[in-house]
Amino acid sequence: MNRYLNFEGKIAAVTGGGGVLCAGFAKGLAQNGFKVALLDIDRSSAQEVADEITSEGGTAIALQCDVLDKDSVVKAADAVKAEFGTVHTLLNGAGGNNMRGNTTEYLTPDLLKDPDLDPLNIFNLTTEGFQFVLNLNFMGTFIPTQVFLPQLIENQEQASIINIASMSSFRPMTQVPAYSAAKAAVANLTQFLAVHLAPVGVRANAIAPGYFMTKMNHALLMDKETGDYTPRAQRAINHTPYKRFGVPDELLGSLLFLCDPAMSSFVTGVVLPVDGGFLAYSGV
Ligand SMILES: NC(=O)c1ccc[n+]([C@@H]2O[C@H](COP(=O)([O-])OP(=O)(O)OC[C@H]3O[C@@H](n4cnc5c(N)ncnc54)[C@H](O)[C@@H]3O)[C@@H](O)[C@H]2O)c1
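Caption draft 1: Representation of the packing of helix α3 (residues 70-83) against helix α5 (residues 127-155) within the structure. Two elements in contact, α3 and α5, have axes separated by 8 Å at closest approach and are oriented at 25 degrees. Classed by the angle they form, the pair α3 and α5 counts as roughly parallel. Handedness of the crossing formed by α3 with α5: right-handed. Facing α3, whose interface residues are Lys 70, Val 73, Val 74, Ala 77, Val 80 and Lys 81, α5 presents Ile 143, Pro 144, Gln 146, Val 147, Phe 148, Gln 151 and Glu 154. For the contact of α3 with α5, the per-class residue count stands at 8 nonpolar, 2 polar and 3 charged.

If you want it as structure tokens, here you go:
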């Protein structure tokens, strides 16, 4: 009989660990016995999370790391190994959207006639803006995966990569073409890695959160002036059969399941929606 959730002495590296969802992930991992390394471009936010974990009796360190800079990730990976040992779970959480990859919902005939009606028209999207979002989400997943792979391979059947996909991995969201393309690529990479790494015993899966209110999407979902939901937020809730946003703790069960070889040793290449039914709902 397997003993489930036996993570004592296991080591996790969490990129984007200072962010809302990944702070929740990191705390959940620590509460279940993982030693956690929080890697974030914003060291102070990662340090706050590490301090919270430590004050609750867990083990965590914060490291400054830019997931788009391979040297920076190599330095962080070496530091994790020196402090804790080789990593069992790599959680690629750094990511998010940026206005520079956004456009209007539709290219309407009016907008076509007069693009100045809305500066977010598709013609104004810049290559740099689009690429920034693609890079952060996609290369920001690939680079840490490549760098941490030797450590994961050392831990073989105990090792797993967990990427963060999105509802837009399955079908693009309106207004966020760069983010949607990047998250579709993250899902695709997850399947690639599952196959590629099968012979060395490293599993690769992804979690696809539905709508969760965080720093990243706060501006899109809450009206600054009134404090009410924006029409977009209301539409997201209307399209979620549970009729609410998710709370970060609701992602933890899926994370722990995917980390634990006792529970998921034959699960690899999965993109698991945690979405209150969003993906299943056709809208009718
Ligand atoms: N919030 C949602 O509803 C939702 C839904 C689906 C997927 N996601 C995904 O979940 C993940 C976490 O998002 P979140 O909502 O917690 O966002 P967040 O903005 O709270 O956290 C993102 C973290 O990544 C860090 N970061 C940014 N660029 C980095 C870089 N180059 N190197 C290292 N760290 C960097 C930021 O400093 C921040 O701490 C992202 O991949 C996001 O796309 C979020």
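Read on, since the account is not over.
Caption draft 2: Just the environment of Gly 253, in detail. Here Gly 253 shows up in helix α9 (residues 252-259). Taking the relative accessible area as the measure of exposure, Gly 253 reaches 51% and is therefore exposed. A sequence separation of 128 residues divides Gly 253 from Leu 125, and the C-alpha atoms of the two residues are 38 Å apart.

Caption draft 3: Spotlight on the environment of Ala 94. Within the secondary structure layout, Ala 94 lies in the loop between β4 (89-92) and α4 (109-113). Note: C-alpha distance between Ala 94 and Pro 115 (21 residues apart in sequence) is 34 Å. Not counting residues up to four positions away in its chain, the partners in contact with Ala 94 are Thr 15, Gly 16, Val 67 and Leu 136.

Calculation rules
Residues numbered from 1 in each chain as written. Predicted model: local features only at pLDDT ≥ 70, side-chain atom pairs only at ≥ 80, totals over all residues. Heavy atoms only, no water. Axes fitted to C-alpha atoms, helices over the stretch in contact; angles between N-to-C directions. Helix = DSSP H or I, 4+ residues; strand = E, 2+ residues; numbered from the N terminus. Parallel < 35°, antiparallel > 145°, perpendicular 65-115°, else oblique. Left-handed = near helix turned anticlockwise from the far one by under 90°. Contact = heavy atoms within 4.5 Å. Nonpolar A, V, L, I, M, F, W, Y, C, P; charged D, E, K, R; others polar. Buried < 20%, exposed > 50% of the residue type's maximum accessible area, 1.4 Å probe, protein only.

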